[in-house]
Amino acid sequence: MTENLLIRSMIEDDLPMVLAWRNHPEVRRYMFTHHEISLAEHTQWFMRAVQDNARRLLIVQEQGSPIGYVQFSNVEPGGVADWGFYARPEAAKGTGSKLGASALEHAFGQLKLHKVCGQAIDTNQASIRFHERLGFKREGVLRDQKRMNEQYQTLICFGLLAHEWQAHTQGT
Ligand SMILES: CC(C)(COP(=O)(O)OP(=O)(O)OC[C@H]1O[C@@H](n2cnc3c(N)ncnc32)[C@H](O)[C@@H]1OP(=O)(O)O)[C@@H](O)C(=O)NCCC(=O)NCCS
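For every chain, the first residue of the written sequence is number 1, and numbering continues from 1 along that sequence. This being a predicted model, a pLDDT of at least 70 is required before a residue's local features are given, and a value of 80 or more before pairs of side-chain atoms are given or counted; all residues contribute to the totals for chains, interfaces and linings. Side-chain calculation: all heavy atoms of the structure are included, whereas hydrogens and water are not.

Attention now moves to the side chain of Thr 95. Structurally, the position occupied by Thr 95 is in helix α4 (residues 95-108). What Thr 95 contacts, discounting residues up to four positions off in sequence, is Ile 67 and Ala 87. Here a helix means four or more residues in a row that DSSP labels H or I, a strand means two or more in a row labelled E, and each is numbered from the N terminus. Contact between two residues is taken to exist if any of their heavy atoms lie within 4.5 Å; hydrogens are not considered.

This is the structure:
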């Protein structure tokens, strides 16, 4: 699934593209902060984030075209990291799965992580299905955990271990 894909670090030149994705209504509505982000705020965030050695900001490309953004935080070999992602809005069906598979290959390969954790708002059916399709286990529910636009949101916690990913890719 990941043969035509390349994963690379996000660079400053990617800022306008990633900002347009991040501000798209279908992405923004599922983020923990969902105001429209300015280029100045986005640039500040990027400059801070790239200085954090335990963070990886990544772009996945298919045949040279960017298909989405993935980030890992708390990265260290053998460690337990958190991830976040969005596919290029209006990308073809199946894009998310390719993005996820490429990012997890990188996470358990190059980054040598032991576990990847994700959290999805309980109304985000695409993300919940996406995690399940990639082999993540549901590990818990955090009720009314985030306050967004004066409403409390419940989060579903997902986790995937390195050996589970290996088994998943081998179809066992
Ligand atoms: C989550 C996201 C990456 C999934 O990308 P995608 O391109 O839709 O993913 P795929 O087409 O590969 O689909 C993955 C699975 O999710 C399902 N799915 C996709 N959109 C769905 C939706 N709106 N409702 C229910 N299931 C959906 C697909 O059917 C598929 O499951 P299946 O193989 O059993 O049919 C994408 O929707 C996205 O970027 N969303 C906005 C940002 C976001 O929510 N990020 C995650 C925050 S936790």
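There is more to say after this.
The next subject is helix α3 (residues 39-49). Each residue is placed in one exposure class: buried if its accessible area under a 1.4 Å probe, protein chains only, is under 20% of its type's maximum, exposed if it is over 50%, and partly exposed if it falls in between. Residues of α3 that are buried include every one of His 42, Phe 46 and Ala 49, and no others. Buried residues along α3 cover an arc of 70 degrees about the axis, so they all sit on one side. When the buried face of α3 is taken as reference, the exposed residues oriented beyond 90 degrees from it are Ala 40, Gln 44 and Arg 48. Looking at the buried positions of α3, the neighbouring elements they touch are α1 (15-23) and β2 (56-62). Starting at the helix axis, one direction is taken to each C-beta atom, and the arc is that of these directions.

As a further point, take α4. In a regular helix each residue adds 1.5 Å, so 14 residues correspond to 20 Å; α4 covers 20 Å between its end C-alpha atoms and thus fits that length. Burial runs high along α4: 10 of the 14 residues are buried. For α4, the set of buried residues is Thr 95, Leu 99, Gly 100, Ala 101, Ser 102, Ala 103, Leu 104, His 106, Ala 107 and Phe 108. Expected span of a helix: the number of residues minus one, times 1.5 Å.

With that settled, the discussion passes to the packing of aromatic side chains. In this scheme Phe, Tyr and Trp rings, the latter by its six-membered ring, pair at centre separations within 6.5 Å, and the angle between planes marks the pair as stacked below 30 degrees, edge-to-face above 60, and tilted otherwise. Under the definition given, this model contains eight aromatic pairs. The interplanar angle of 70 degrees and the centroid separation of 6.3 Å between the aromatic rings of Trp 45 and Tyr 69 together place this pair among those described as edge-to-face. Linking Trp 45 in helix α3 with Tyr 69 in strand β3 (residues 65-73), this pair joins segments that are 24 residues apart in sequence. Centre to centre, the rings of Trp 83 and Phe 130 are 5.8 Å apart; their planes meet at 25 degrees, and the pair counts as stacked. In this pair, Trp 83 is assigned in strand β4 (residues 80-87) and Phe 130 in helix α5 (residues 125-133), connecting sequence segments 47 residues apart. Grouping residues by exposure puts Trp 83 and Phe 130 together as buried.

This paragraph deals with the site of the ligand. Residues are labelled near a given molecule or strand when at least one of their non-hydrogen atoms is within 4 Å of it. Near the ligand you find 21 residues, and of these Gly 94, Ser 97, Asn 124, Arg 129 and Arg 133 are the closest. Gly 94 has a polar backbone atom sitting 2.6 Å from an oxygen atom of the ligand. Between the ligand and Ser 97 there is a distance of 2.4 Å, counted from an oxygen atom to a side-chain nitrogen or oxygen. Surface accessibility in these figures is a Shrake-Rupley result with a 1.4 Å probe; residues are shielded only by whichever protein chains are displayed. Look at the ligand: alone it shows 930 Å² of surface, and the protein chains cover 72% of it. Put simply, the parts of the chain that give the shell around the ligand at least two residues each are α2 (25-28), β4, α4, β5 (115-121) and α5. In terms of residues, the shell around the ligand owes the most to one element, α5, which gives six residues. In terms of residue class, the shell around the ligand is made up of nine nonpolar, eight polar and four charged. Polar contact is defined as a pair of N or O atoms within 3.5 Å, subject to the rule that within protein one atom must be able to donate a hydrogen and the other to accept it, and that residues adjacent in sequence are counted only when both atoms are side-chain atoms. Under the scheme applied here, ten amino acids are nonpolar (Ala, Val, Leu, Ile, Met, Phe, Trp, Tyr, Cys and Pro), four are charged (Asp, Glu, Lys and Arg), and all others, including Gly, are polar.

Quick look at the pairing of β3 now. Within β3, seven of the nine residues are buried, leaving the element largely enclosed by the surrounding structure. The pairing criterion for strands is at least two bridges between them, as found by DSSP. Hairpin connection between β2 and β3: a loop of two residues separates the two successive antiparallel strands, and Gln 63 in this loop has a positive phi of roughly 45 degrees. Sheet analysis places β3 next to β4, joined by six bridges and oriented antiparallel. Within β4, the position partnered with Gly 68 by the bridge is Ala 87. Taken together, β3 and the strand that follows it, β4, pair antiparallel across an intervening segment of six residues, in which Asn 74 is found at a positive phi of about 65 degrees.

Our focus in this paragraph is the pairing of β4. For β4 and β5, the ladder comprises three bridges, and the chain directions are parallel. Residue pairing across strands places Ala 81 opposite Val 116, the latter belonging to β5.

Criterion for a disulfide: a pair of cysteine sulfur atoms within 2.5 Å. For the coordinates displayed, the defined rule picks out zero disulfides. Looking at the unpaired Cys 117, the closest cysteine sulfur is the one in Cys 157, lying at 8.4 Å.

None of the figures reported here should be taken as evidence of function without further support.
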